[in-house]
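Notes for the structure review
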Amino acid sequence: MWGRNSSGFRWCDLYRDQLQDEQQQEDSTVSDTTNDAWNYVVFVLFVVISALIPIRKRLFRRSTNSKSKQDYVFGAGHISTLAMMLSIARGTLGVISVLGYPSEFFYRGSAMWESLYGVITAYPIVCFVFIPVYFDLGITSVYQYLELRFNSRLVRCLASGTYIVRTLLSLGVTIYTPTVALNTIIGVPYWVSLLSITVISIFFNALGGLKAAVAADVIQSLSMTAMLVGIIIYCSITVGGVDKIFAISSENDRFAFFNFATDLHLRVTTTSAWLGELFNSLSLLGCQQNFVQRYLSMPTFGQIRRTLMLNIPVVILLFSLPWFVGMAIYAIYYHCDPLRASVIEKMDEILPYFMMDRFKRVPGVWGIFVGTLFNGALTLNISNINSLATVTWEDFLSLIPALKRKSETHQLNVIKLVGTVYAILIMGVGFIVGLLSGVIESSMLIISATSGPLLGVFILAMFIPFANWKGAVMGMVVSHLSILWIAVGRLIESSISDALLDTSIEGCYADLLLAEATAAASNNTSLVSIAMEESVNAAETSDLLTRIYSITYMYYGVFGTVLTVLSGIVFSLATWSSQDAYNMKMLHPAVRWLYARSPFSGKRFGSFEVSSDNFNASRKKVVPKC
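As the structure is a prediction and not an experimental result, all values here were calculated from the model.

Right, let's talk about the overall build of the protein for a bit. Within the protein one finds 25 helices and 0 strands. Evaluated residue by residue, the protein yields a buried proportion of 53% over its 626 residues.

The terminal C-alpha atoms of helix α8 (residues 153–186) lie 50 Å apart, and with 34 residues this matches the ideal 50 Å at 1.5 Å per residue to within 8%. Counting buried positions along α8 yields 26 of 34 residues, so the element is predominantly enclosed. One side-chain oxygen at the N-terminal end of α8 lies 3.2 Å from the backbone nitrogen of L154; it belongs to S152. Looking at the residues trailing α8, positive phi occurs at G187, about 75°.

This part takes up the state of the cysteines. Within this structure, the stated rule accounts for 1 disulfide. Two residues share a disulfide in this structure: C336 and C508, whose sulfurs sit 1.9 Å from each other. Sign of the S-S torsion, about 110° for the bond between C336 and C508, identifies this disulfide as right-handed. Of this pair, C336 sits in the loop between α14 (301–333) and α15 (350–359) while C508 sits in the loop between α20 (469–492) and α21 (510–540), placing them 172 residues apart in sequence. Assigned by exposure class, C336 and C508 land together as buried.

Burial analysis of helix α13 (residues 289–296) places 8 of its 8 residues in the buried class, which makes it a mostly covered element. Of the residues making up α13, those classed as buried are Q289, N290, F291, V292, Q293, R294, Y295 and L296.

With that out of the way, let us pick up the nonpolar core. Core analysis: the biggest nonpolar cluster contains 155 residues, and Y134, L146, Y295, F354 and F458 have the highest contact counts within it. Considering every element that reaches this core, the biggest residue donor is α14, with 18 residues. Residue contacts for F354: discarding those within four places in its chain leaves I231, Y234, C235, I329, I332, Y333 and F359.

The subject of this paragraph is the packing of aromatic side chains. Here the structure, examined in full by the defined rule, presents 26 aromatic pairs. Measuring from ring centre to ring centre gives 5.9 Å for W113 and F257, while their planes differ by 85°; the resulting arrangement is edge-to-face. With W113 in the loop between α5 (96–108) and α6 (116–134) and F257 in the loop between α11 (242–251) and α12 (270–287), this pair connects stretches of sequence that are 144 residues apart. Among the residues examined, F257 registers a relative accessible area of 36% and is labelled partly exposed. Arranged with centres 6.4 Å apart and planes meeting at 45°, the rings of Y330 and Y334 form a pair that is tilted. What makes Y330 buried here is its relative accessible area of 2%.

This part takes up a nonpolar patch on the surface. There is a patch of nonpolar side chains on the surface, built from W191, L195, V199, F431 and I432 and spanning about 520 Å² of accessible area. Those elements giving two or more residues to the nonpolar patch turn out to be α9 (190–207) and α18 (408–433). When residues in the nonpolar patch are grouped by element, the largest group, 3 residues, is from α9. Relative to the assigned elements, W191 resides in helix α9. With a relative accessible area of 51%, W191 lands in the exposed category.

Close contact between α14 and α15 brings their axes to 11 Å; oriented N to C, the two are set at 55°. When the axes of α14 and α15 are compared, the pair comes out oblique. For α14 against α15, the interelement crossing comes out left-handed. Contact residues: V325, I329, I332 and Y333 in α14; I350, L351, Y353, F354, D357 and R358 in α15. Taken together, the residues of the contact of α14 with α15 sort by class into 8 nonpolar, no polar and 2 charged.

We now examine the pattern of salt bridges. Enumeration over the complete set of coordinates arrives at 7 salt bridges. Here R267 and E104 are joined by a salt bridge, their closest N and O atoms 2.8 Å apart. Residue R267 is found in the loop between α11 and α12, and its partner E104 is found in helix α5; the two are separated by 163 residues along the sequence. Comparing R267 with E104, the two get one shared label, buried.

Moving on, we come to the side chain of T174. Along the chain, T174 turns up in helix α8. Using a relative accessible area of 6% as the deciding quantity, one classes T174 as buried. Among all residues touching T174, those that are not within four sequence positions of it are V95, I96, A377 and L380.

Among all residues except glycine, the phi angle is most often negative; among peptide bonds, the trans geometry is most common. Backbone geometry at N151 places phi at a positive 55°, although glycine is not the residue there. For N151, the location among the structural elements is in the loop between α7 (144–150) and α8.

This part covers the confidence of the model for the protein. Residue-level pLDDT values for the protein average 78, and 74% of them are 70 or greater. Confidence, read as mean pLDDT per element, is least for helix α25 (residues 612–619) in the protein (42) and greatest for helix α23 (residues 556–575) (95). Considering only residues more than four positions removed or in separate chains, one finds that residues 520–541, a stretch of pLDDT under 50, has 5 contacts. Here residues 604–626 is modelled with pLDDT under 50, and outside its nearest four sequence neighbours on either side it reaches 50 contacts, counting other chains as well.

Following both chains from N to C, one finds α8 and α15 inclined at 35°, their axes separated by 9 Å at the closest point. Seen from above, α8 lies across α15 with right-handed handedness. When α8 is examined against α15, the residues A181, T184 and I185 are found in contact with a partner set consisting of P352, Y353 and M356. Along the lines of polarity and charge, the residues of the contact of α8 with α15 split into 5 nonpolar, 1 polar and no charged.

One can find L460 in helix α19 (residues 439–463). L460 has contacts with R149, F150, A467, G471, A472, T564, V565, G568 and I569, leaving out every residue within four places of it along the chain.

Definitions and cut-offs
- Residues numbered from 1 in each chain as written.
- Predicted model: local features only at pLDDT ≥ 70, side-chain atom pairs only at ≥ 80, totals over all residues.
- Heavy atoms only, no water.
- Helix = DSSP H or I, 4+ residues; strand = E, 2+ residues; numbered from the N terminus.
- Buried < 20%, exposed > 50% of the residue type's maximum accessible area, 1.4 Å probe, protein only.
- Expected span 1.5 Å × (residues − 1).
- Polar contact = N/O pair within 3.5 Å; in protein donor to acceptor, adjacent residues only side chain to side chain.
- Disulfide = S-S within 2.5 Å.
- Core = buried A, V, L, I, M, F, W, Y, C linked by side-chain atoms within 4.5 Å.
- Contact = heavy atoms within 4.5 Å.
- Phe/Tyr/Trp six-rings, centres within 6.5 Å; stacked < 30°, edge-to-face > 60°.
- Patch = residues over 30% accessible without salt bridge, like charges linked within 9 Å, V, L, I, M, F, W, Y side chains within 5 Å.
- Areas by Shrake-Rupley, 256 points an atom, 1.4 Å probe, with all protein chains shown as cover.
- Salt bridge = Lys/Arg side-chain N within 4 Å of Asp/Glu carboxyl O.
- Axes fitted to C-alpha atoms, helices over the stretch in contact; angles between N-to-C directions.
- Parallel < 35°, antiparallel > 145°, perpendicular 65-115°, else oblique.
- Left-handed = near helix turned anticlockwise from the far one by under 90°.
- Nonpolar A, V, L, I, M, F, W, Y, C, P; charged D, E, K, R; others polar.
- pLDDT = per-residue confidence, 0-100.

Written out as structure tokens, the structure reads:
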């Protein structure tokens, strides 16, 4: 009756087991709370320390001398080569790559990785073609070169405006990126993250300048690299080695290299990735203020050449690491896709979900991860705000006589105020980005759509001797309108979609499968209605327009450049006059050498060498204002 197997003892055993389970749950809750507290502390400390280190001298300096405008813009030439290399590399890739490339590989494969070919090709071209043209001009805005070449403020304003619009849109994507991680991991509302980045950016911009921005880029590069390497090591140990990671990706059709298909409607091929990124990178590295501003901060052309050439392996490493992280995460979840199982809502959430799923109980890990993303967006935002404010002052506000007569200190305060306004505008763009499909998709669309006109006008200036300001203006206008029409048509045309690769949920737990089935059932009706609506829209849209709108955005930069150059040549030939004369030193040295040996040498056709007196006189003529 009172044996060990009696009902009394069994009841006691069950009661004891229940108490143990409750105690374990309570201990687990306490442990999770403690871990969360550590993660919050690590996150805050990481962001604060990363932000304060670059401006520590400014904060604690007792000197009453204010920072000069030249120091704010160029860092007064005291930036090391290694620091500049890391800063340029971070500007080339951005924080978008950390979150976007892993999800790109997981759901679309490796095709976009081949855009690295274009980045690598662009570096030597920028170094030996673009930089020599305007290195010795002593300018603070790269777009000042266009005014000197075309003798037109209007061309300069159009180019500056293109850069400003592109940078505002790109930074909107950049600061939106960490909000995805913060919302996925700790449930922080998007608006709180965007507001926090904006406020810190304004404070940092007021105290920093280029030198502080470069220092922040260095900290971000090192922390990001360490984080990505740590993820790769963990995944390699978990799945059984690096070779296993490659094998899983290969077996599930994630590798797509050397596809030279000529179909312009395929999202990414080797050809479109290389050509598209080449034109985008030439526009970014050779014609954009924030990069040229860094080149001109270095004292000699030799240092610039050394920095750019040594930066190629750095870019290859930083570019490839997020892709390898994508492979590693796919090896973990290839049998249970969190997106298909309705655990996450957007493909960009795959990396944050991985960090929470695997490191939730490890104190401080996801705090460092979120802090790296947050700080990465913050540093890029600050760095580009610095350049945006500089361009706006040099190309627009400095034309106002009342501001031009002010002291340098007052001018610097105006530049910082402009940076504050831009920070607020970027925050507004960040709210809109969430409506688009993925950070990589949004970023590539914005950069491709705006790269062509900017690169094209610089090609006209450097390599087309008979190009004049009328051709440059019309070329940019025609290119902008054409690419804008195609881009807007692509966004509006509902029948255009980029399908994702197949994923599996065979290895998911039963509760995840149930959640996926429930979500699929609830969305059934809406999917049918959407399909019917798409078929109606497709029927109403002509086949020609549909094919134009469905051209991959990877070619937008190529088309925009070609349109700018061809339109510029036609309008220049049709409108050339002797009043369009300019100094031949504005052309690339190779073009000057060829022109001197061409049949037109010495003739008053196109460009010709003018004396200093004539050149100075032409600068006094009335030119179009913006």
